[in-house]
Amino acid sequence: MRRTALATGTALTVLVLAPGSPPAHAAPTPPPTPSAPRQSTTERSTGFDPLPPSSDPVKLRTALRSLKVSYTYKGQKHTLDDYLARTGTQGFVVLDGQDVVFERYSFAARDTLFQSWSMAKSFTSAAFGIALGDGKISSIDDTVTKYVPELRGSGYDGVSLRDLLRMSSGIEWNEPTSIPPVHVAASLGVPITRFAAEAKRGWEPGSRFEYTSMNSFVLSWVIARATGVPYHRYVAERLWQPAGMESRAYLGNDSNGNSLGYCCYYATDRDFARFGLLYLRGGVANGRQVVPRSWVTESTRPSAPFNKGYGLQWWLGEDGDYEANGLAGQHIFVSPRTGVVIVKSTLATLVGEEETDTAFRAVAAEVARTREQPPGKAG
């Protein structure tokens, strides 16, 4: 399964050099510092927007199970405990349907708000699918400038929404060197829309894959324009709450009204797992169709012949597996074949990341092997 081109070194550079950006994880009731999400008497706060919890959260039953997971990677045998230790994992949750069958935290807790990094792109895809289903967006093949005319004359002029979604916009971009200055500037209050408007055309849209975080930001901008409400509010009202999220979360902004749709959701691992469960169940939560089933299917299958490992803001794996992946080792792994969802959160994975898919598939297989009842039974 292909992942972002960002190396761990770049990840650490962003963490260190972005003084106004959030930490890799924050306490559930953050201290009143300039760099942490905090409660506010107004809807918006500098750098963050709240995503209120659902009044009807999806119930997750703690039903811990002894999982004897081992796997072989490049001739070396490993265990789950070994993998979690070597990858610096701070939060790890495994769902068998609505049963939490494995849960472990290190220097964190169940109510810790972890930074999503680019897992946010899959949330943006879900919000896009909802807006498309609502008729707010007419077609996936509409041009960007139909909704954001400010991008006329830029590298995004004439680019289709489909090419944004499948990372084939054609703008000049190199993720390891292009995103850090954008992220730092956004954390300092520079409107990120400025960077999108300054984007240059580098190659023919739709001709190849180039992982580009700016594409995901522009998608969030399109969603806001198409729906007539800020991106964070649309996500809260049409995705976060209907999907049955249990805890209050936060979404980063550039302090100019622009949500960072390419990164920066702060949520508990259990709520990240609920998002995976939403997709596992075809977009349904608590008996309600939240994300159109057709969009769940469309966004989690190959989006172009030139990259069969990427859908529409989702990474694709083997046997129908797919993932939301974030910088430095954040994952929401969904295995429809086994009915398993896995969430991994960490400050930074320095070693072992390359074997993650092998480890996750071994975990999913063990959960399926030890299953005592069909997935989906809630307590």
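What you see is a predicted model; the values in this text were computed from it and never measured. (Residues numbered from 1 in each chain as written. Predicted model: local features only at pLDDT ≥ 70, side-chain atom pairs only at ≥ 80, totals over all residues. Heavy atoms only, no water.)

### Here we look at the nonpolar core
Met 214, Val 218, Leu 239, Tyr 265, Phe 275, Tyr 279 and Val 291 are the most contacted members of the largest nonpolar core, which has 87 residues in total. A total of 9 residues in this core trace back to one element, the largest contributor, which is helix H7 (residues 213–227). Ignoring sequence-local partners within four residues, the contact set of Tyr 279 consists of Ala 126, Val 291, Trp 295, Val 296, Ser 299, Thr 300, Trp 314 and Tyr 322. If you look at the next biggest cluster of nonpolar residues, it comprises 20 residues, including Tyr 71, Leu 80, Val 94 and Ala 364. (Core = buried A, V, L, I, M, F, W, Y, C linked by side-chain atoms within 4.5 Å. Buried < 20%, exposed > 50% of the residue type's maximum accessible area, 1.4 Å probe, protein only. Helix = DSSP H or I, 4+ residues; strand = E, 2+ residues; numbered from the N terminus. Contact = heavy atoms within 4.5 Å.)

### Some points on the sheet that holds strand S7 (residues 99–105)
Strand order across the open sheet formed by 7 strands is S3-S7-S6-S16-S15-S14-S13, with mixed pairing between neighbours. Each edge of the open sheet carries a strand with a single partner, namely strand S3 (61–62) and strand S13 (315–316). (Pairing = 2+ DSSP bridges.)

### Remarks on helix H8 (residues 231–240)
Burial analysis of H8 places 7 of its 10 residues in the buried class, the great majority of the element. Restricting attention to buried positions, one finds in H8 the residues Tyr 231, His 232, Tyr 234, Val 235, Ala 236, Leu 239 and Trp 240.

### A word on the pattern of salt bridges
Inspection of the entire model under this criterion finds 20 salt bridges. With a closest N to O distance of 2.9 Å, Glu 210 and Arg 208 form a salt bridge. The partner of Glu 298 in a salt bridge is Arg 301, and the shortest N-O contact between them spans 2.5 Å. According to the relative accessible area criterion, Arg 301 is partly exposed, its value standing at 41%. (Salt bridge = Lys/Arg side-chain N within 4 Å of Asp/Glu carboxyl O.)

### What about the packing of aromatic side chains?
Counting across every chain of the model gives 19 aromatic pairs. Taking the centre distance of 5.8 Å and the plane angle of 75° together, the rings of Phe 48 and Tyr 266 count as edge-to-face. Here Tyr 266 lies in strand S10 (residues 265–267) and Phe 48 lies in strand S2 (residues 48–51), a separation of 218 residues in the sequence. Take Phe 48 and Tyr 266: they sit in the same class, and that class is buried. Geometrically, the ring pair formed by Phe 92 and Phe 102 is edge-to-face, given 5.9 Å between the ring centres and 85° between the ring planes. A residue pair is termed long-range when its members are at least 10 positions apart, and Phe 92 in strand S6 (residues 89–96) and Phe 102 in strand S7 qualify at 10 residues. One exposure class covers both Phe 92 and Phe 102, and it is buried. Through a chain of ring-to-ring contacts, the aromatic side chains of Phe 123, Trp 240, Tyr 265, Phe 272, Phe 275, Tyr 279, Trp 314 and Tyr 322 assemble into a single cluster. It is Arg 208 that lies over the ring of Trp 203; its NZ or CZ is 4.0 Å from the centre. (Phe/Tyr/Trp six-rings, centres within 6.5 Å; stacked < 30°, edge-to-face > 60°. Lys NZ or Arg CZ within 6 Å of the ring centre and 35° of its normal.)

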